[in-house]
Amino acid sequence: MLDGNCVFCRIIKGEIPAAVVYEDDKMCVFKDLEPKAKVHLLAVPKSHFKLLSEAGEEDAEILKYMLTKIPGIAAANGCENGYRLIINQGDDAGQTVFHLHIHILGGQPLGDL
Ligand code: AMP
Ligand code: ZN
């Protein structure tokens with residue numbers, strides 16, 4: 001289920017432009033607007049929920065699927081030498097978009113970034 005007020009749902013619906021690098025029926029991957037590394041992608045499920053703790057059975061299946069797709073997507077987008085995945089959860093993590101997303105960071109040595 002998508003949420004009309006959510007920026008990532010609106011990207012999924014094609015209402016807001018984004019630099020999409022991969023999409024299928026379960027997930028969408030696009031470039032972060034404010035990249036924190038040479039490669040900074042966001043992988044989002046085509047299902048609106050904020051936290052891992054809120055994921056239903058179907059959401060969990062999609063997350064598992066996303067983890068199987070991300071290595072190939074990362075490699076095809078400049079992360080052949082490795083990458084870092086980050087999922088911010090809640091206020092202390094600084095989560096600003098309340099649609100679960102996996103940051104894919106790479107394209108350079110990341111160090112402590
Ligand atoms: P988080 O702090 O984990 O919630 O990260 C949200 C990320 O979404 C930030 O890195 C933002 O730069 C990114 N972001 C917000 N709006 C957009 C957008 N319209 N297109 C692409 N990235 C976005
Ligand atoms: Zn959403």
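The structure under discussion appears in the preceding block.
About the cut-offs
- Throughout this document, residue positions are counted from 1 along each chain, in the order its sequence is written.
- Note on labels: chains are lettered from A, ligands numbered from 1, in written order.
- Since the coordinates come from a predicted model, pLDDT governs what is reported: local features require at least 70, and pairs of side-chain atoms require 80 or more to be given and counted, while whole-chain, interface and lining totals use all residues.
- Hydrogens and water molecules were not included; the side-chain quantities draw on all heavy atoms of the structure.
- Strands were regarded as paired on the criterion that DSSP finds at least two bridges between them.
- Each helix is a run of DSSP H or I of at least 4 residues and each strand a run of E of at least 2, with the numbering of both proceeding from the N terminus.
- The angle between two axes is taken between their N-to-C directions and runs from 0 to 180 degrees, where each axis is a line fitted to C-alpha atoms and a helix contributes only its stretch in contact.
- With water omitted from the atoms examined, metal sites may look incomplete; donors here are N, O and S atoms no farther than 2.8 Å from the metal, or 3.2 Å in the case of Na, K and Ca.
- Note on geometry labels: four donors, all angles 85 to 135 degrees, give tetrahedral; four donors become square planar and six octahedral when opposite donors are over 155 degrees apart and every other angle is between 65 and 115; remaining cases are irregular.
- To sort residues, take the accessible area from a 1.4 Å probe on protein chains only and compare it with the maximum for the residue type: under 20% means buried, over 50% means exposed, and anything in between is partly exposed.
- To be near a molecule or strand, a residue needs just one of its heavy atoms within 4 Å of it.
- Each polar contact in these results corresponds to two N or O atoms within 3.5 Å; when the atoms are within protein, one needs to be able to donate a hydrogen and the other to accept it, and residues that are neighboring in sequence are counted only if both atoms are side-chain atoms.
- Using a 1.4 Å probe, the Shrake-Rupley method yields the accessible areas, and only the shown protein chains count as cover for residues.
- Each cavity reported here is a set of points on a 1 Å grid over the protein atoms alone in which a 1.4 Å probe fits but cannot get out, each pocket an open set with protein on both sides within 12 Å along at least five of seven lines, and each lining residue one with an atom within 4 Å of a point.
- Whether a molecule lies in a cavity or pocket depends on its atoms, and more than half of them have to be within 2 Å of the grid points.
- Residue classes follow a fixed rule: Ala, Val, Leu, Ile, Met, Phe, Trp, Tyr, Cys and Pro count as nonpolar, while Asp, Glu, Lys and Arg count as charged, and any other residue, Gly among them, counts as polar.
- Side-chain atoms within 4.5 Å link the members of a nonpolar core, which is a set of buried Ala, Val, Leu, Ile, Met, Phe, Trp, Tyr and Cys residues.
- In what follows, a contact means two residues having at least one pair of non-hydrogen atoms within 4.5 Å.
- Only rings of Phe, Tyr and Trp enter the pairing, Trp through its six-membered ring, and a pair is recorded when the two centres are within 6.5 Å. The plane angle decides the type: under 30 degrees is stacked, over 60 is edge-to-face, the rest tilted.
- Any Lys NZ or Arg CZ that is within 6 Å of a ring centre and within 35 degrees of that ring's normal is treated as a charge sitting over the ring.

## Overview of the sheet that holds strand 1 (residues 20–23)
The sheet built from five strands is open, its strands ordered 1-2-3-5-4 with antiparallel pairing. The open sheet has two edge strands, strand 1 and strand 4 (83–86), and neither has a second partner. Strand after strand, the sheet turns through a mean of 20° between neighbouring axes, direction not considered.

## Topic: the coordination of the zinc ion (ligand 2)
In this structure, Cys6 (SG), Cys9 (SG), His48 (ND1) and His99 (ND1) serve as the protein donors to the zinc ion (ligand 2), at separations of 2.0 to 2.3 Å. Around the zinc ion (ligand 2) sit four donor atoms, and with donor-metal-donor angles ranging over 105 to 117° the site reads as tetrahedral. Mapped onto the polypeptide sequence, the residues donating to the zinc ion (ligand 2) form the spacing pattern C-x2-C-x38-H-x50-H. Of this pair, cysteine 9 sits in helix 1 (residues 7–12) while histidine 48 is found in the loop between strand 3 (39–45) and helix 2 (57–76), placing the two residues 39 residues apart along the sequence. Residue classification places histidine 48 among the partly exposed residues on the basis of a relative accessible area of 27%.

## Examining the site of ligand 1
Taken together, 16 residues lie near ligand 1, and Asp32, Asn88, Thr96, His101 and His103 sit nearest. A distance of 3.2 Å separates an oxygen atom of ligand 1 from a polar atom in the backbone of glycine 94. In the model, an oxygen atom of ligand 1 is placed 3.0 Å from a nitrogen or oxygen of the valine 97 main chain. In isolation ligand 1 has 510 Å² of accessible area, and contact with the protein removes 85% of it. Judged by its atoms lying within 2 Å of the grid points, ligand 1 is housed in the largest pocket. Only helix 1 and strand 2 (27–31) provide two or more residues apiece to the shell around ligand 1. Residues of the shell around ligand 1, tallied by class, amount to seven nonpolar, six polar and three charged.

## Things to note about the nonpolar core
Counting residues in each nonpolar core, the largest one holds 16 residues, and the members touching the most others are Met27, Val29, Ala43, Met66 and Ile104. Going through the elements one at a time, strand 2, strand 3, helix 2 and strand 5 (102–106) are the ones with two or more residues in this core. If one sorts the elements of this core by residue count, helix 2 sits on top with six residues. Those residues in contact with methionine 27 that sit more than four places away from it in its chain are Tyr22, Ala43, Val44, Pro45, Lys46, Tyr65, Met66, Lys69 and Ile73. Core analysis: the second largest hydrophobic core is formed by 10 residues, Phe8, Ile12, Phe30 and Leu42 among them.

## Observations regarding the packing of aromatic side chains
Going through the model one piece at a time under the given rule, you end up with one aromatic pair. A centroid spacing of 5.3 Å and a plane angle of 70° characterise the contact between phenylalanine 8 and phenylalanine 30, whose relative ring orientation is edge-to-face. Of this pair, phenylalanine 8 sits in helix 1 while phenylalanine 30 sits in strand 2, placing them 22 residues apart in sequence. Between lysine 26 and the ring centre of tyrosine 65, over which it is positioned, the NZ or CZ distance is 4.7 Å. We note lysine 50 situated over the ring of phenylalanine 98; from NZ or CZ to the ring centre the distance is 4.4 Å.

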